[in-house]
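# Residue-level structure breakdown
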Amino acid sequence: MDLDFNGKRVVVVGGSSGIGNGIAHAFAERGAQVEVWGTRPDAADYAGVEGSDLTGLSYRGVDLATTGAMDAVVPPASLDVLVLAQGTVLYERKEFEREGFRRVMEVNLMSVMDCARLYQSALAAAKGSLIIVGSVASFRAVKGNPGYSASKAGALGLVKTLGVAWAPQGIRVNGIAPGFVETKITEVMSKHPKRRAAALAAIPAGRFGTPQDMAGIALFLASPLSAYVTGQMILADGGMTLS
């Protein structure tokens, strides 16, 4: 079966909650051995956290905003799928300040390249798939969040550049660009009635996306169904960017 991942090894960075968590469970439900990374020290620290379910997943605590946090990570000899879904955003114009901008870029872009580099040899050994989670912000402006916008535009650049650079090693590099998905990172919009209504009005599909919607794309990009696809960022926004 094209979506059978039995015996496959998968790492989902940012898989402790939200989109990454939905992707992690999608692979696990199809037989993969899945490790997720989160910022908290232990899996038990996520008990009761909305959008977080670590059942059936192995967990590694790595705070990617901390210098040297990845130094102790020893990658396996072979890895079939690496999903980089880490991300942060700062509101109240904090990203216009140097420290806020730097923090968002460190997590959303610098750590993405760091993780990709860390697992490059393992992915090459398995002829594996690297999937980077971007955003509609990879393609359009986000007025109040220059750090988020710049980092997600950078993620698109990495998808294209690593797609070209690593294809000769048998690594396929692709990305997912979600629109509005109800997660912790979008609560400033989804839990504010007027902002929520305005956002929904801008989505032709008439609903927000779900982590499971994004998981379906990740499964496709990691499977033989997309064997001739590399360097692409797939928009999944319910049609929001069509007008």
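Right, let's walk through the structure included here.

To continue, consider the packing of aromatic side chains. Enumeration according to the criterion identifies four aromatic pairs in this entry. Seen in terms of ring centroids, Phe-5 and Phe-27 are 4.9 Å apart; in terms of plane orientation they differ by 80 degrees. Their pairing is edge-to-face. Of this pair, Phe-5 sits in the segment before strand E1 (9–13) while Phe-27 sits in helix H1 (residues 18–29), and the two are 22 residues apart along the sequence. Seen from their ring centres, Phe-180 and Phe-208 are 6.3 Å apart, and the 90 degrees between their planes marks the pair as edge-to-face. Within this pair, whereas Phe-180 is found in the loop between strand E6 (172–178) and helix H4 (187–190), its partner Phe-208 is found in the loop between helix H5 (193–201) and helix H6 (211–222), the two being separated by 28 residues in sequence.

Now for the pairing of strand E5 (residues 129–133). Among the five residues in E5, five count as buried, and that is most of the element. Every second residue of E5 is oriented toward a common face, with Ser-129, Ile-131 and Val-133 on one face and Leu-130 and Ile-132 on the other, all of them buried. In the sheet, strand E4 (residues 81–84) pairs with E5 via four bridges, with the strands oriented parallel. Residue pairing in the sheet places Val-81 in a bridge with Ser-129 of E5. Crossover handedness for the path E4 to helix H2 (residues 98–126) to E5: right-handed. Strand direction decides the pairing type here: E5 and E6, joined by five bridges, are parallel. Pairing of Ile-131 across the sheet is with Asn-174, part of E6.

Glancing now at the environment of Tyr-119. Mapped onto the elements, Tyr-119 comes out in helix H2. A relative accessible area of 1% means that Tyr-119 is categorised as buried. When the C-alpha atoms of Tyr-119 and Val-81 are compared, they prove to be 9.7 Å apart, with 38 residues separating the residues in sequence. Those residues in contact with Tyr-119 that sit more than four places away from it in its chain are Val-11, Glu-35, Trp-37, Val-73, Pro-75, Pro-76, Leu-79 and Leu-82.

Let's shift gears to the side chain of Glu-35. Within the fold, Glu-35 resides in strand E2 (residues 33–38). Within the structure, Glu-35 has its side chain in polar contact with the side chain of Trp-37 (distance 2.8 Å). Separated by 3.1 Å, the side chains of Glu-35 and Arg-60 make a polar contact.

As a further point, take H1. With twelve residues, H1 extends 17 Å from end C-alpha to end C-alpha; this agrees with the ideal 16 Å at 1.5 Å per step. With respect to burial, H1 is a largely interior element, ten of its twelve residues being buried. Within H1 the residues assigned to the buried category are Gly-18, Ile-19, Gly-20, Asn-21, Gly-22, Ile-23, Ala-24, His-25, Ala-26 and Phe-27. Buried residues along H1 sit against E1, E2, E4, E5, E6 and H6. Following H1 by one or two positions, Gly-31 has its phi on the positive side, about 100 degrees.

Thresholds, definitions, all that
- Residues numbered from 1 in each chain as written.
- Predicted model: local features only at pLDDT ≥ 70, side-chain atom pairs only at ≥ 80, totals over all residues.
- Heavy atoms only, no water.
- Phe/Tyr/Trp six-rings, centres within 6.5 Å; stacked < 30°, edge-to-face > 60°.
- Helix = DSSP H or I, 4+ residues; strand = E, 2+ residues; numbered from the N terminus.
- Buried < 20%, exposed > 50% of the residue type's maximum accessible area, 1.4 Å probe, protein only.
- Pairing = 2+ DSSP bridges.
- Right-handed = clockwise from strand over helix to strand, strands pointing away.
- Contact = heavy atoms within 4.5 Å.
- Polar contact = N/O pair within 3.5 Å; in protein donor to acceptor, adjacent residues only side chain to side chain.
- Expected span 1.5 Å × (residues − 1).

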